[in-house]
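# Report on the structure
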Amino acid sequence: MPVGTAGTVKAVPQDVLEELGAQIILGNTYHLYLRPGHELVRKLGGLHRFMSWNRALLTDSGGFQVFSLSELRRVTEEGVSFRSHLDGTSHLFTPERSMEIQIALGADIVMAFDECTEHPAERERARQSMEMTLRWAKRSKEYFEAHKHEVPWAESGHRDIGASGHPALFGIVQGGMYGDLRRESAERTVELDFPGYAIGGLSVGESREKTMEMIAIVLELLPKDKPRYVMGVGYPEEIVQYAAMGVDMMDCVLPTRAARHGLLFTSEGRMNIKNARYAQDQQPPDPKCGCRVCSRYTRAYLRHLFVSAEPLAAVLNTVHNLAFYLDTMRAVRHAIKLGDLSGMPSRSVSLA
Ligand SMILES: [Zn+2]
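One structure accompanies this document, and this report is about it. (Residues numbered from 1 in each chain as written. Predicted model: local features only at pLDDT ≥ 70, side-chain atom pairs only at ≥ 80, totals over all residues. Heavy atoms only, no water.)

### Section: the pairing of strand S3 (residues 71-75)
Bridge count for S3 against strand S4 (residues 80-83) is 3 bridges, and the pairing is antiparallel. Paired with Val 75 across the strands is Val 80, a residue of S4. Remark: 4 residues form the turn of the hairpin made by S3 and S4, two consecutive strands paired antiparallel. (Pairing = 2+ DSSP bridges. Helix = DSSP H or I, 4+ residues; strand = E, 2+ residues; numbered from the N terminus.)

Structure representation (C-alpha cells):
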C-alpha cells in the first residue's frame, strides 16, 4: 500500500496511482486531523471525495505519528496528550477520539488505537504497553461498533465495499521484541474478534532477523482467512519474504520517501540517481521495468532533474519506485497462484 500521508501520495496524482494499479492507499490520521482537520474533510464528503480517490483507503490510528512526531506527549490510561508539531497546540488522542476521526475521514479500513512500544524496551515495560494496547483495542471496538454507520459515504451510498456498507476495524498486535508477549498479544487480540489483524511495533530499529522472528510467531496465531497486515515494512526483498510467510498487506513510506532522495529500486538493485556515473547514461532507469518513466526517460535525464532540484525529479522517481513495488507484489500474487514462490527474485542485489 502506497502511503498517502496528508491525503496525497507525495508527488503522484491520483490518476497515475490508478494507472500503476494501486488498489488501496493509506492516509495518516494524525496529519489529516491537524490539517485540514477531520471535521472539514467530513463536511466535504469524506477523504475519498475530498481527494478524488474512489478505491480503498486505510487510515492508521494516529498513535504512531504521535509517538514519532509530536512534542511533550504524555501517555495515560485515557490516551495520549501531545502538542502539534505544526503550531504547538495541545491535543488529546484517545481510542474513542481516534475512531471518531477515522470514521469522519471515511476510511474503508480503520485501525485500532494502539501504543507502538519503543525499541529497545524492558520486558516489564513491553508487557504493560501490550496490556494497554489490548484495553485500548476493546475501547476502540466498542466506539467503532456504535458509530461505524456514521462514515460520510454511508448515506450517499457512493461506495460499495460489500454487503456491510460500513468500514472494517483491524486490531493490532504489539508486545515489543518478546516472543511470548507477542504470542499473548496475538491470542488476546484474536479473542476480541476483528475482521483483520495487523502486526505493529516492528521496523523500529531491531534487526531484520528479529522482525522476521516476531512476524513468524504472530502469523501462527492469526486466522488464515482474515487479512494479516504488517505495518511499516519494508525493502522490496523483505516484502517478498513476508508475503511468502503469509502476510497479506504491507505499507511503507520507503518507495516514496527514498524516491524524493534520489534512491531508485530496480531489478538490478538500488540506484542512487544523483551519482555522477549516470550523467551520460542513456539507459532507462530500470531496463526491465515497463513503467511510464522507464519507457520514456533516461538515467542521465533523471540525474539532471535531481541535481537541479527540479520538482519533476520527485514525480518521476516516485512513479518508478511505486511501479517497482506494485510490480513486485503482482509477481508475488502470480507466484502464489501458481503455488510456487521459490522462483521469486530476491531483488536484494545492491549497486552501492
Ligand atoms: Zn520504471
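### Topic: helix H6 (residues 95-105)
Judged by how many residues are buried, H6 sits mostly within the fold: 8 of 11 residues are covered. For H6, every residue scored as buried is listed here: Pro 95, Ser 98, Met 99, Ile 101, Gln 102, Ile 103, Ala 104 and Leu 105. Just past H6, the residue Gly 106 takes up positive phi, approximately 85 degrees. (Buried < 20%, exposed > 50% of the residue type's maximum accessible area, 1.4 Å probe, protein only.)

### Section: the layout of surface pockets
Computed from the structure, the largest pocket encloses a volume of approximately 890 Å³. Around the largest pocket, the lining is made up of 40 residues, and of these Phe 64, Gln 65, Gly 232, Asp 251 and Val 253 lie nearest the centre. Within the residue set of the lining of the largest pocket, elements represented by two or more residues are helix H5 (63-69), helix H10 (208-219) and helix H12 (254-260). Its residues assigned to classes, the lining of the largest pocket comprises 14 nonpolar, 17 polar and 9 charged. As for the second largest pocket, its lining consists of 30 residues, and the residues nearest its centre are Met 1, Asp 248, Met 249, Met 329 and Arg 333. Among the elements of the structure, helix H11 (236-245), strand S10 (249-250) and helix H14 (311-338) are those that each provide at least two residues to the lining of the second largest pocket. (1 Å grid on protein atoms, 1.4 Å probe; cavity = no way out; pocket = protein on both sides within 12 Å on 5 of 7 lines; lining within 4 Å. Points joined across faces, edges and corners; volume = space filled by probe spheres on them. Nonpolar A, V, L, I, M, F, W, Y, C, P; charged D, E, K, R; others polar.)

### Observations concerning the coordination of the zinc ion
At the metal site, the zinc ion is ligated by Cys 289 (SG), Cys 291 (SG), Cys 294 (SG) and His 320 (ND1), and these contacts range over 2.1 to 2.3 Å. One can describe the site at the zinc ion as tetrahedral: its 4 donor atoms subtend angles covering 97 to 120 degrees at the metal. Binding-site remark: the zinc ion is held by donors from one chain whose sequence spacing is C-x1-C-x2-C-x25-H. Of this pair, Cys 291 sits in the loop between strand S12 (269-272) and helix H13 (299-307) while His 320 sits in helix H14, placing them 29 residues apart in sequence. The burial state of Cys 291 is the same as that of His 320; both residues are buried. (Donors = N, O, S within 2.8 Å, 3.2 Å for Na, K, Ca; no water. Tetrahedral: all angles 85-135°; square planar, octahedral: opposite > 155°, others 65-115°.)

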